[in-house]
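Geometric and topological summary
So you can see what is in the structure, the chains are spelled out below.
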Number of protein chains: 2
Amino acid sequence: MKADVDRRPVTLEEVARVAGVSRATVSRVVNGVATVDRELRQVVEKAISTTGYTPNRAARSLVTRRAGAIGLVLPDEGRTLHDPYFGRVVAGVLPVIRPLGVQLVLTTTDPGGHREVVDDVRQRRLDGVILIHTHGADPLPRLLIESNLPVVLAARPVRPMPITYVDVDQAAGAGLAVDHLVARGCRRVATITGPLDAPAGQDRLRGFREAVARHGLPEPLVVEGDFSREGGAAAARELVAAEGRAGEGFDGLFVASDLMATGALPVLRNHGLRVPEDVKVVGFDDSSPAVECDPPLTTVRQPVEDMAAEMARLLVERVERPDRPVSSVVFAPTLVVRRSG
Amino acid sequence: MKADVDRRPVTLEEVARVAGVSRATVSRVVNGVATVDRELRQVVEKAISTTGYTPNRAARSLVTRRAGAIGLVLPDEGRTLHDPYFGRVVAGVLPVIRPLGVQLVLTTTDPGGHREVVDDVRQRRLDGVILIHTHGADPLPRLLIESNLPVVLAARPVRPMPITYVDVDQAAGAGLAVDHLVARGCRRVATITGPLDAPAGQDRLRGFREAVARHGLPEPLVVEGDFSREGGAAAARELVAAEGRAGEGFDGLFVASDLMATGALPVLRNHGLRVPEDVKVVGFDDSSPAVECDPPLTTVRQPVEDMAAEMARLLVERVERPDRPVSSVVFAPTLVVRRSG
DNA sequence: CTGAAAGCGCTTACAG
DNA sequence: CTGAAAGCGCTTACAG
C-alpha cells in the first residue's frame, strides 16, 4: 500500500468521472437519498469502492453547517478526570453518537476559559455540548443558554433555569439506603450529608429525612459533609462525639458519597465501632473507592451509562430542533449490597 | 443577547466590509501574518471585535487540509474507560494541544471498527491519533503505519515496528521496587509478573531479575500473573504454596501491577502473613486501588501526564512533518512509598 | 503591503 | 430520476 497521505484523497469529482455520472448523483448515493435509480446506484457504489472514496467532512460541514461533533465539557480540575464517573459517561455517550457519525470532543474549562467553549460552538466546531460536574458558581450554563446553543446538563442546575438536563432521583436513592438499613434491623440512623448548597446534597438529605419519617424512626443525627474524604472523616468524628454527648448510639449510617464514607470508616473503627456489626454503613455513587475500601461499601448506584446515553440523545435532538422546549429526564437509582451494610 | 444560533454567524466577508478592506487582509490579521500594516491591522481588529467575528473552522479546514483535531483511541472495553489512567492521559494531552487550537476527539475501536479510525483520518476529520492500551493482536498500529498516517503509541509496540512511541522505563521501575525492598531489609524476594507475552510484563520481570542479581540476592520465586485482580490472587496462592514446599519464605514481594496486588494482599493475610511486618509488598502503576487498599501500597509510578503531553507533542510534530523519522521517548519512573512496603 | 480571483470538496435548490 | 450551477467561508499564490 502506498502512502495515503501523500497522494491526494479521492474526491466526489473523481468518483463521478469513474461512474460516468454527475457529482450530484454520487452525493445522493453517498447520503442514501432514495430517489436514485437502482442500476445507477450500483454503478456508483462500485466506483466508490474501486476508488476507495471517503467523503471530506470539512467540505460537508461547510455546506450543511453541522460540525458532526459534540463536546463533553468538564471543569478543569484533576479530580474530575481521574474520577471513573468520567469514563462511564464516555462509555454511555459513544455508542449513541457513533452510529450517527458524530464525534465526541473532550474539553475542560480552564480558568476563564468558558468563552472558548462558547466559541467552539459558534465556530461550528461543535454542534452542542454536554456539561458534567458543573457547580453553582459556574457561569457556563447560563452563557450557553443566553447564546441559545444546544446544551445538556448532567444534573439538575443549582438555580432553576430553562435548560435540558438528566439526573438521578437523588431523594429516592437516599430512601433506598434507609430502607436497606431498616431492613437490616437498624433503629437509630445517622447521616453525613453532602454540601447543602448543592442540589445533590439537599436532595439526598431530603430523601433521607422522608424515609426516616416514613419508617417512624427517631430523630436522626445529621452532620454536614462536603463530598471529600477528609470531610467524611471530620463529619464522622463529629458524629461519634455527638453520640457520646447525647448518650445515644446510632446503628445505621447513610453517607451521601462513597468518598466521604472511605474517610468515615477508619474513624468509626478507631472509635471501637465495627462495621457492619455495630453500625451498618451505606454510601452513594458506587464509585471505585466503594469496592476498594474495607469493608466494601453497600452503596446507591446511579445508572451513569444510561444517563449519559440519554444526554447524548437529548443533545442530538436539540441540535436537530433547537426550537423544541427544554426537557429533563430523571432516572431511578439502585442499591448495590456489599459488606458494609 | 439575541439567539446566536438563529442569526447567521458573521463571516470574513462582513468583517472586510466593515473594515473597508479585502477578505484577504482580514484573513491575514486573523492568522497573524506579520506583513499587515499597523494601522490597517488595528482597523481590522476593531471590526472583528465589533462584529463578534469568529472563523468557521470547516471552511478553514477545507483549504488548509487540516482537521485541527487529533484522536485518542482506546480499545472498546469498559475496563479501559473506568481506569483512572485514561483521565491522566487526557489531563496530559489537553494542555499541550489546547493552545494550538487543536481538539481532542475520543474514540474506541469497537469490534471490527479499526477501519473507522483509519477512515476518520482519511476523511480528514482527524490529523492523527494517539493509541493507548493496544495489545499484541491489535492490527490498528500496523494499519495506520501502512496508510502512512500520523500515529503515536502509548507504549513500546509488542512487535518491533517503525512507529513513534512513548514509554516508561519498565525495567528501571522494577529495579526501584527491588532497591526499596532491599533497603527495608528484605533478603528473599518474590515477584508476581505481568503476562509475559506483553512488553510491560517482560520488561518488569527483566528489571526485577537484574536488580536481584545486582544486590546479590538468592534466586527469587517468580509466578506469572495477568495484570488482573483475580490473577494476582491466584499467583499469590501459588506463591504461598511454593513457599511451603520449598521450606523457604520470602520477605519481599514485587507485584507487577497494583490491581494484582489488591488480589494478592488478602491471600497473604489469610495465610497468616502480615503486610508489611512479615512481607513487604511493592506494586506498580500507582493506580487508585493502590491508595484505597489496605494497607495502602508502596508502588512504582509512571509520570503518565508528562508522558501523555509528550505523546501530544510528538503527534503534532508528525502531523506537521510526516516525513520525519519516527522516534521514541522513555521516561523515568518514581517510587511512591506508602505503608505496604 | 494589499486586493482580485481561484479553488478547497462538498450539498442542494432548480430545471428538465 | 438526473445534471448544471451556485454557494458554503475560508486561504493563498499571483499581480501590482
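Residues numbered from 1 in each chain as written. Chains lettered and ligands numbered in written order. Predicted model: local features only at pLDDT ≥ 70, side-chain atom pairs only at ≥ 80, totals over all residues. Heavy atoms only, no water.

What follows covers the relation of the copies chain A and chain B. Overlay of chain A on chain B (RMSD 0.0 Å): rotation 180°, translation along the axis 0.0 Å. What the rotation and shift describe, once combined, is the action of a two-fold rotation axis. Most of the interface of chain A is mirrored in chain B, where 98% of its interface residues are also at the interface. (Least-squares fit on C-alpha atoms with pLDDT ≥ 70 in both. Contact = heavy atoms within 4.5 Å.)

Right, let's talk about the sheet that holds strand 4 (residues 151-153) of chain B for a bit. If you walk across this open sheet you meet the 12 strands as 11(A)-5(A)-4(A)-3(A)-1(A)-2(A)-2(B)-1(B)-3(B)-4(B)-5(B)-11(B), and the pairing is mixed. Taken across any chain shown, the strands that pair with only one partner, and hence form the sheet edges, are strand 11 (328-331) of chain A together with strand 11 (328-331) of chain B. Going across the sheet, the axis of each strand differs from the next one's by a mean of 20°, ignoring polarity. For strand 5 (residues 164-168) of chain B and strand 11 of chain B, the ladder comprises 4 bridges, and the chain directions are parallel. Within strand 11 of chain B, the position partnered with Val168 of chain B by the bridge is Phe331 of chain B. (Pairing = 2+ DSSP bridges. Helix = DSSP H or I, 4+ residues; strand = E, 2+ residues; numbered from the N terminus. Axes fitted to C-alpha atoms, helices over the stretch in contact; angles between N-to-C directions.)

This paragraph deals with the protein's contact with DNA strand D. The immediate surroundings of DNA strand D are formed by 29 residues, with Thr25, Arg28 and Leu40 of chain A together with Arg23 and Ser27 of chain B found nearest. For DNA strand D, the backbone makes up 69% of the atoms found within 4 Å of the protein, where backbone means sugar plus phosphate. Take Arg65 of chain A: an N or O atom from its side chain is 3.1 Å from a phosphate oxygen of DNA strand D. Of all elements in the fold, only helix 2 (23-30) and helix 4 (57-64) of chain A together with helix 2 (23-30) and helix 4 (57-64) of chain B reach the threshold of two or more residues within the surface near DNA strand D. Residue composition of the surface near DNA strand D, grouped by class: 14 nonpolar, 7 polar and 8 charged. (Near = heavy atom within 4 Å. Polar contact = N/O pair within 3.5 Å; in protein donor to acceptor, adjacent residues only side chain to side chain. Nonpolar A, V, L, I, M, F, W, Y, C, P; charged D, E, K, R; others polar.)

Moving on, we get to helix 10 (residues 199-214) of chain B. Every α-helical turn comprises 3.6 residues, leaving residues that sit three or four positions apart pointing alike. Residues and elements named next belong to chain B. Here helix 10 spans 22 Å end to end across 16 residues, near enough to the 22 Å set by a 1.5 Å rise per residue. Check the buried side of helix 10 and you find it contacts helix 9 (170-183), strand 6 (189-193), strand 7 (221-224), strand 8 (252-255) and strand 9 (280-284). Gly216 sits one or two positions beyond helix 10 and adopts a positive phi of about 65°. (Expected span 1.5 Å × (residues − 1).)

Glancing now at the side chain of Ser340 of chain A. Residues and elements named next belong to chain A. Checked against the element boundaries, Ser340 lands in the segment after strand 12 (334-336). Residue classification places Ser340 among the buried residues on the basis of a relative accessible area of 0%. Within the structure, Ser340 has its side chain in polar contact with the backbone nitrogen of Thr298 (distance 2.8 Å). (Buried < 20%, exposed > 50% of the residue type's maximum accessible area, 1.4 Å probe, protein only.)

The omega torsion of the bond from Val275 of chain B to Pro276 of chain B falls at 10°, within 30 degrees of zero and hence cis. Omega for the peptide link from Asp294 of chain B to Pro295 of chain B comes to -5°, which places this bond in the cis form. Turning to its location among the elements, Pro295 of chain B is positioned in the loop between helix 13 (288-292) and strand 10 (298-301). Residue Asp286 of chain A is not a glycine yet carries a positive backbone phi of 50°. Looking at the element boundaries, Asp286 of chain A is found in the loop between strand 9 (280-284) and helix 13 (288-292). On the basis of relative accessible area, Asp286 of chain A is assigned to the buried category, the value being 10%.

Quick look at the interface of chain A and chain B now. Of the residues lining the interface, 61 residues belong to chain A; the matching set on chain B comes to 60 residues. Contact with chain B buries surface across chain A, with Arg98, Arg125 and Glu292 of chain A losing the most and accounting together for 14% of the total. There are 0 salt bridges connecting chain A and chain B. Linking chain A to chain B there are 8 residue pairs in polar contact (both at pLDDT 80 or more). Breaking the side of chain A that touches chain B down by element, the ones donating at least two residues are helix 4, helix 5 (78-82), helix 6 (84-97), strand 2 (103-109), helix 7 (114-122) and helix 13 of chain A. Considering every element that reaches the side of chain A that touches chain B, the biggest residue donor is helix 6 of chain A, with 7 residues. Where strand 2 of chain A and strand 2 (residues 103-109) of chain B come together, 3 bridges link them in antiparallel fashion. Bridged to Leu106 of chain A within strand 2 of chain B is Leu104 of chain B. (Buried area = accessible area lost by both parts, 1.4 Å probe. Salt bridge = Lys/Arg side-chain N within 4 Å of Asp/Glu carboxyl O.)

Time to look at the UniProt feature "domain: HTH lacI-type" (unreviewed entry) in chain A. This chain's UniProt record puts "domain: HTH lacI-type" (unreviewed entry) on residues 10-64 of chain A. Here residues 10-64 of chain A runs as 69% helix and 0% strand, with 20 Å between its end C-alpha atoms. (UniProt positions renumbered as here; feature names shortened; annotations may be inferred.)

Quick look at the environment of Asp251 of chain B now. Residue and element names in this part refer to chain B. Assignment of secondary structure puts Asp251 in the loop between helix 11 (229-246) and strand 8. Residue classification places Asp251 among the partly exposed residues on the basis of a relative accessible area of 23%. For the pair Asp251 and Asn56, spaced 195 residues apart in sequence, the C-alpha separation works out to 64 Å. Reaching out from Asp251, the side chain makes a polar contact with the backbone nitrogen of Arg187 at a distance of 2.9 Å.

Okay, the protein's contact with DNA strand C next. Taken together, 29 residues surround DNA strand C, and among them Arg23 and Ser27 of chain A together with Thr25, Arg28 and Leu40 of chain B come closest. Of what DNA strand C places within 4 Å of the protein, 69% of the atoms are sugar or phosphate. Take Ser27 of chain A: an N or O atom from its side chain is 2.4 Å from a phosphate oxygen of DNA strand C. With respect to DNA strand C, the backbone of Asn56 of chain A contributes an N or O atom lying 3.3 Å from a phosphate oxygen.

It is worth spelling out the environment of Leu153 of chain A at this point. Residue and element names in this part refer to chain A. Note on placement: Leu153 falls in strand 4 (residues 151-153). Using a relative accessible area of 1% as the deciding quantity, one classes Leu153 as buried. Those residues in contact with Leu153 that lie beyond four places of it in its chain are Leu131, Thr134, Pro141, Ile163, Thr164, Tyr165, Val166 and Met311.

Residue and element names in this part refer to chain A. On average, residues of chain A carry a pLDDT of 89, and 94% of them reach 70 or more. The element-level mean pLDDT for chain A is lowest in helix 5, coming to 68, with helix 9 (residues 170-183) highest at 98. Within the model, pLDDT remains below 50 along residues 1-6, and this stretch shows 13 contacts once partners closer than five positions in the same chain are excluded. (pLDDT = per-residue confidence, 0-100.)

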